Structures are given as structure tokens and as C-alpha cells.
Amino acid sequence: MVQATAVRLGFTKTGKLQFISHLDLARTMSRVVVRAGIPIWYTEGFNPRPKLVFSLPLSIGTESVCEFVDFKIVEDMTCEEIAKRIGAEFAPEMQVNGVWYPEHKIAEIGWAQYEIKINTSKASKELASGITELLSNPLIITKKSKSGEKEVDINPLIKSQEVNFIDGAIVINATLSCDSADYLNPEYVVKAVADKFGIDFEKVDSEYYSILRYGVKLADGVTDFR
Amino acid sequence: MKKNIPFERILKRVEKPGRYSGGEFGQIIKDKNDIKARVAFCFPDTYEIGMSNLGVRILYSVLNEHKDIWCERVYAPWSDMEEQMKLHGIPLYATESGDPVRDFDIVAFTLQYEMSYTNVLYMLELAGLELLASERKDDDPIVIGGGPCAYNAEPVADFFDVFSIGEGEEALVEFTELYIKMKQDGTYTKSAFLHEAAKLEGFYVPSLYNVEYNEDNTIRSITPLYDDIPAKITKRIIRDMDKSYFPDKFVMPYIETVHDRITLEVYRGCIRGCRFCQAGMIYRPIREKSPEVLNDQAKKLYDSTGYDEISLISLSISDYSDLHPLCEQLLSWTDDNMVSLSLPSLRADSFSKELMEKISSVRTGGLTFAPEAGTQRLRDAINKNVTEEDLMHACTVAFEGGKSQVKLYFMLGQPTETYEDLAGIAELADKVVDKFFELKREHKGDGSFKRPPSVSVSVSTFIPKPFTAFQWEAQDELDIVYDKQRFLESKMTNKFVKFHHHDAKVSRVEAVLARGDRRLSKALLETRRLGMCFDSWDEFFDYDKWMECFERAGVDPAFYANRRIGDDEILPWDMIDCGVTKEFLLSENKKAHENITTPNCSQKCSACGANKLGGEKTWCKRQL
Ligand code: SF4
């Protein structure tokens, strides 16, 4: 059997594609690698499919400029060639950041960085410091999961945060836990802020937000995941 | 009602935003400034269903091949999206550009099933267009309809400017070119354009045909308003399927659609001639594609899509003359590339066991079989040329191949049906179960036949459709249908047989719409007043509301659904010529009542009339 080489593809998923679920992305990606002619390793079994491993889930409604997927190739092909071929098969709102041989294991991921932008008529310097205060102290939220609801303090899951009042909007830069056991969805941060300060996102004309994931770090919170 | 809120904000608030976001790989974006005609191609159902339709995929691509035309896609928004759109003043928009549909030159609807009519009106309203064609202005888009229901589009005639009759690949391009030409040379007014369009081959402009009625509500006459437009509109066909346009790329949906795979149309039409079947008549003559052409198209689509499944679709795939070479050519590369090949409707005895096992739909699916009727007598009457022996043979192959599931399809309420025929349905299902146990005994000790058999019997209600031998026949009244369903239920006592029947009320409304005339437009207008939409979905269909609409419009549903139409009556769709002649259909109807079958086109030509349309690789030519 041929030697399989593991490679990692870094890519973005922005704009309209924030509405594509993880499952749909996975299906799309397997078609991308096939039509790009990548000599990819297939899963074994009755229904073989390109074997793809995504590093982190991304919720619907969150954009990202740093997504990763790992796969193996079974014939020689340079990383540059793979990147070029895949880039040609992406829709405009997906871009290739690069293809390289993985330096870290997926399990080493500890944190992800987000930019959360909240547009609200209540936006002000005071609100910004209020949010800083909120996020710097114990913050109990109700987390929903398949097994039911549970109360958690998300404060330990927030490594750092910086809240600013820019151009009439609140901009939160936050580093949130990505540990598989303690994954903090940035939507919870938005919800905690909205609940506390009475921001009503039903008033969609003036009250709305966007979330962008822009960095993925190892457990030390400093080293970029590569 | 200008769109003032970015879509992103709205889409966060709906359940399946991927239906509306667009941005797919393969979608076609053009520069508006280079475009002379913008076409909004509307599918009056959800994205998942619309994206799966091969016809739409073909027309989308063929229109966009033209440098002056930009065709975009539009689907019916689900109710949660409708709510958001109305709340925020967002009119119906096209997926590619996000521009409002009402700003387009041409708005095209594909009419695949009658129950989607309410969605056409729903979409017109969401677009901010007047529903009635007569109330739309010169600078409003031209609204055109096409697809199988256009063969009798009379119930929706008041809402459309024009219908394209027959196959659209060439016709729609010609139509749009005429539009461009008249816009450019300054001769365009809506009425001048429609008059010219009515002279093109295969276009029906309902406002240019006057319909008069008799005292008893039957039609007295259908008259064209001008001498220079045809009294009978002949449907368009693609003459040479090998040379006809076929896309080499698809728009790739992100979300899962109904048929998310490569679909290839192996031939058009059907040799069989079942007397209830509309598709079997309106797509005649049968025109086949060459295996080489099909293989090449499959290969190109595989390269451009990355799909891992190819499905060969046609009304009855086993009737294709070159099925064996085609499958061999495809399997020569699909297997190695982990692409699975599926042939729905493949007969169990089509090829050798080795080849059959390479076909994934054979490997993974259970056996489906459509005897349509429970006795040979009735199967002869409806010209469904399968025998009990055929069924038992197919079951034997399937059971010995390790399968235990069989799905049987029947139709209840067909002309000449008796309770004996109905009892025959249950008997046939029992025989399939018996066959299983008989084979199990024969194979005793070899470890097969472990799972118990499971036979599912699905029974729909007969709907008389235009351009069929049964177009004159009455549908059973609802209480008769219920009675027959109960009778069937009482006969279904075998514990290995599961029985399921369709909602008879849906079939009744479908029958009204299928054979309706122009006076039904009024009832459809009422459906919009009641906010009806998505009537092909169980959770939305409301029979009482339909009855209310018919009543408000002063039309009697029984007149359309439950009446035996006289042989010499003028039919609402008599201005359309689908190739197959009325004389042929009438003789087929007579033969049905005498239980006489008609050979299929591969056995003998029965002179249905469709050969006058010409065509390459047809059975008509081979029979001469
Ligand atoms: S003309 Fe004859 S061969 Fe041709 S479609 Fe009709 S019946 Fe079949």
C-alpha cells in the first residue's frame, strides 16, 4: 500500500457561507477535493468517502477566517499544488489560507479568538465598560445541550477580552475556550450581554450583531495552531 | 418596499438559512450592464425540491449560455422566511443577485404538479406583482409558464401572459431573443410582443384565445383572436437528443437536496402507453441518447461536480435499447472512482447477475414494483403490461439475492374497476409473501432468508389527466373512494404486509385542477385571499379551504373531477396538440372498456400520431 501523507488545509468561510452548517460544509468539502483531483485517502468500508477531519465546529451565523481540515494524500502532490487546485473549486466566499504538513495535533487546540460586533442604539463608552465588567466576573449562564440544560460559570472559559466603542458599535475581542470539554460558543457571550443590558435583537433594524472567528491558539493561548 | 436590511440579519432568524443564502459553487453571476434580458426562473416549491429538478438545471444553463441573457433562480420561501420578508419589506428576490423579481424582464415558472399552483400565486404576491396578467402593466415582467402542467394550464391562464408548450431548451431561448429584439428596435409593447410570441412554434398566449361556454357549462368554442396565430399550438420537441444542449456543470447546493447527485436523462418519452399516464403521452415520441454521449456527459459532470453518485433517470429505464453498453461504459470508470451508479425503475432481470450487483441501487435498495392493478383483467384494461409472473420472477430474483423488502404500487378507482380487482391487490401482496416462504423452504439450511419479508402496499387514487386515454373518465366520488379504501384495509390481513393509501382529498383537488378550465382561475385567486400555499405538503393542505374557494368562485368541483366527459365535447385543452391524437386516445379508451391491450412502441407502432413531430433515434422510425 502507498504511503499516505497527512496535510492540513486552512480556509475561510465568510459572508453568505456563514449560513452553511458543519454537516453541509463537510459534504461540500468532499466534493471539492474530488473535483480538484486531489489524490485523497478514502474511508474504508461499504460506502467509501474522502476522509476529512475538521478541527473545530463553527456555528451557523459565525464567519471565520481560520478554519482547518485535515486529510491524507496517497500520491505525491505539493502543498502549493493542492492549495491552487482547491482554491479553484471554492465559491467566492471561501478562500484558501494555505496547505501545509500539520505541526500540531487537533487535540492541542485550546482557544479561539473572536471579534463580536454588536450594533445597538444603546452603544456607548459606558456600555463598553459595563460589558468589560460583566465578562471579568463570574458569569452564570444556562447552557443547552442534548442532555438538557445546565448552569455554568463561563468566566473561566474567557481567557481575555477587550471591549471597545467604535463607530457607534460595541466591538468585543475575546479569546474563548475551545477545549472539547469546555467549548464556549460565542453566541453565549452575546446572549449574556443582551440579557444583562436589555438589548432586543428582535428590533432587527437597529439591534444586530456579527461574529467572526479570526484566530485559533494552542492551550498556552499564544501559539497559533498550525 | 426597497430592500433595506441586509439579508444576513434576516437569515439569522429563519430555520434553514441555506435555502436562501445562495453563493453556491457554479452559480452564474453576470454583469447587469452587459445583459439585455434578465430571467427569473421560479420553482414554486422549496429550494431542496427545485434544485433537484434536472429540467430546471438544463434550462438555467442553456439560457445562461447566451451572452445577452442572465437567468437566475427563485424558490418559494418557507413560512418562517415569508414572515421575515413581510416584516421587513423584502420582496421576493433572485438567489444570485438578490435583486427583486419584479424588476426582471421575464419571470418564468415551471409547473411540475397542479398542487403547486397556489405557490405560483404566493410567489407573485411576494414579488409585489399583480396576480392577474390583465392588471400587470407594460413595464412589468412577462410571466411565462412551462412544464408538464402547461399542457392544460387553463386553471392558471388568467395569471400568466404566455405558456411554453413542450420542451423548452430551444424554445425559451428563441422567446427571450424575440423579447430582446423587440425591446431593442423599439417595437415592444406587451401586447405587440405577446402577439409575436404567439406566432413562435409552441407558445400559447391565453389572452389571445376566446373561450365560450354552453348552458351546461361545457365549452362551446375556443377561437383565436387573430388569423395569424395558430388555432392549435403544437408542442415543441428536441429532435436529436444527442445534439441537444446538456450542461457540463451544475450549481452545487450546500444543503442537502432531494436528488443531490448527477442525473442523466437516458431518453425522453416512454414506449409503454399506460392509459392513465400523462407523462407516457406528452413526451412522445421516444427519443434516445447514445451511450457514448451519455457516458461523456457523465464524465464531464463528475469532473466538474465531484458528486459520488450518478443516477440514470427515465420513465422506464429497462426499455432503453443500449442499456447494457451504457452501463458497461459507465462502470468502466465509476467503480474505480468510488462513484456509485443507480438506476431507479430497473427491472430485476435486465442483465447478468454480475452486472446487476455492480449497480448500487440494486445492491442497496429493496424491490419496487408497480402492478397498478390487482387483477390481470384490470391491468389489461389500463394497458399496464406486467403480469403476475413478471412480479413473481422479480421477487424471486430479489429474495434469492438476499432482499426481504418489496414495495408495491397500485392505483385505486381506475375506470372499469370492481371490488374483485381491489381484492386482487391484497391477494397479490399475499402471494409475494408466500413466494418468500416457499423460497425460504427451498433454501433451508444455507443461511439465507434470515429476515422476515416485508411487503408494503401503497395505493394512490386515480386522477384523470389531460392527454391520456382516460382523460374523459370520472374520478370516483370521495365516499366511494373511502369505501374502497376500507374494503382494501379489511382484506389486508397478512402480518407481513403493510398498507398505506394516499389522501383521497388531495387527489380530488388535483383532479379538479388537472381537468379544469379558465373559470377555475377565480377559485385560485381565492386561495391567495385565504393565504394558501405549499399545498403539496401534507401539513399545509386544507381540503375545507379548497372547497370554500371553489364555492366562493361559484365552480362545482364535481363538474371537473367526477364527471364522465362526453366523447365529442370540446376539452379545455383542445387548443394544444401534443403529437398524440385525440382519435388515438379515444380508441385507447374504447379498448380499455373491452380489456384489450395495445402493444408498446418497441413491439409495434400503434400510430399514436407523435411520429409527425419527427425526431432522431425514435421507435417510430425503426417501426417503419
Ligand atoms: S408513432 Fe408509433 S412508434 Fe411512434 S410513439 Fe406513436 S405509437 Fe410509438
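This report concerns the structure included in the present document. A quick note: this is a predicted structure, and the numbers were derived from the prediction, not measured. (Residues numbered from 1 in each chain as written. Chains lettered and ligands numbered in written order. Predicted model: local features only at pLDDT ≥ 70, side-chain atom pairs only at ≥ 80, totals over all residues. Heavy atoms only, no water.)

With respect to the overall build of chain B
Then comes step 1: Across its full length, chain B carries 22 helices and 19 strands.
Then comes step 2: For 624 residues, the compact-globule formula gives about 25 Å, and the C-alpha radius of gyration of chain B, at 25 Å, lands near that figure.
Then comes step 3: Projected onto its principal axes, the C-alpha coordinates of chain B cover approximately 80 × 65 × 55 Å.
Then comes step 4: With 624 residues in all, chain B has 61% of them scored as buried.
Then comes step 5: When the accessible surface of chain B is totalled, it reaches about 24300 Å², and 50% of it is carbon and sulfur.
Then comes step 6: Across chain B, the mean location of the 80 positive side-chain charges is 2 Å away from that of the 102 negative side-chain charges. (Helix = DSSP H or I, 4+ residues; strand = E, 2+ residues; numbered from the N terminus. Rg over C-alpha atoms; globule rule 2.2 N^0.38 Å. Buried < 20%, exposed > 50% of the residue type's maximum accessible area, 1.4 Å probe, protein only. Areas by Shrake-Rupley, 256 points an atom, 1.4 Å probe, with all protein chains shown as cover. Lys, Arg positive; Asp, Glu negative; His and termini not counted. Charge placed at Lys NZ, Arg CZ, Asp CG, Glu CD.)

A look at the interface of chain B and chain A
Then comes step 1: Contacts between the two partners involve 32 residues from chain B and, on the opposite side, 28 residues from chain A.
Then comes step 2: Interface area, chain B with chain A, both sides summed: about 2700 Å², of which 56% is carbon and sulfur.
Then comes step 3: Linking chain B with chain A are five salt bridges, by the criterion used here.
Then comes step 4: In this structure, A:R27 and B:E256 form a salt bridge, with 3.5 Å as the shortest nitrogen-oxygen distance.
Then comes step 5: Elements with a minimum of two residues in the side of chain B that touches chain A: helix 1 (7–11), helix 9 (291–305) and helix 12 (360–364) of chain B.
Then comes step 6: Here the side of chain B that touches chain A gets four residues from one element, more than from any other, and that element is helix 9 of chain B.
Then comes step 7: Of the residues contributing to the side of chain B that touches chain A, the split by class is 11 nonpolar, 10 polar and 11 charged. (Contact = heavy atoms within 4.5 Å. Buried area = accessible area lost by both parts, 1.4 Å probe. Salt bridge = Lys/Arg side-chain N within 4 Å of Asp/Glu carboxyl O. Nonpolar A, V, L, I, M, F, W, Y, C, P; charged D, E, K, R; others polar.)

Overview of empty space enclosed by the protein
Residues and elements named next belong to chain B.
Then comes step 1: Summed over all chains, the structure comprises 11 cavities of 30 Å³ or more.
Then comes step 2: Counted as a void, the largest cavity has a volume near 140 Å³.
Then comes step 3: Taken together, 14 residues line the largest cavity, and the ones lying closest to its centre are R19, Y20, Y75, P77 and Y93.
Then comes step 4: Elements with a minimum of two residues in the lining of the largest cavity: strand 2 (69–75) and helix 4 (79–87).
Then comes step 5: Of the residues that constitute the lining of the largest cavity, the class distribution is 11 nonpolar, two polar and one charged. (1 Å grid on protein atoms, 1.4 Å probe; cavity = no way out; pocket = protein on both sides within 12 Å on 5 of 7 lines; lining within 4 Å. Points joined across faces, edges and corners; volume = space filled by probe spheres on them.)

Quick look at the packing of aromatic side chains
Residue and element names in this part refer to chain B.
Then comes step 1: On inspection of all chains with the given rule, the structure shows 31 aromatic pairs over all chains.
Then comes step 2: Ring centres of W78 and W537 lie 4.9 Å apart, and the angle between their planes is 70 degrees; on these two criteria the pair is classed as edge-to-face. Here the residue W78 occupies a position in the loop between strand 2 and helix 4, and W537 occupies one in the loop between helix 18 (520–529) and helix 19 (543–553), the gap between them amounting to 459 residues.
Then comes step 3: Overall, W78 belongs to the buried group, its relative accessible area being 13%.
Then comes step 4: By relative accessible area, which is 24% here, W537 ends up partly exposed.
Then comes step 5: Each ring, one from Y302 and one from W333, has its centre 5.6 Å from the other, and the planes form 45 degrees; the classification is tilted. Taken as a pair, Y302 in helix 9 and W333 in helix 10 (residues 323–334) lie far apart in primary sequence, 31 residues in all.
Then comes step 6: Among the aromatic side chains, those forming a connected cluster through ring pairs are W78, Y122, F534, W537 and F540. (Phe/Tyr/Trp six-rings, centres within 6.5 Å; stacked < 30°, edge-to-face > 60°.)

Overview of the sheet that holds strand 14 (residues 340–342) of chain B
Residue and element names in this part refer to chain B.
Then comes step 1: Pairing in this open sheet of three strands is parallel, and the strands run 10-13-14 from one edge to the other. Every interior strand has two partners, whereas the edge strands, strand 10 (262–265) and strand 14, have only one. Along the sheet, successive strands turn relative to each other by an average axial angle of 20 degrees, direction set aside.
Then comes step 2: Pairing geometry for strand 13 (residues 309–313) and strand 14, over three bridges, is parallel. Bridging across to strand 14, I310 finds its partner in L341.
Then comes step 3: Across the sheet, helix 9 touches strand 10 and strand 13, and the angle it forms with strand 10 is around 160 degrees. (Pairing = 2+ DSSP bridges. Axes fitted to C-alpha atoms, helices over the stretch in contact; angles between N-to-C directions.)

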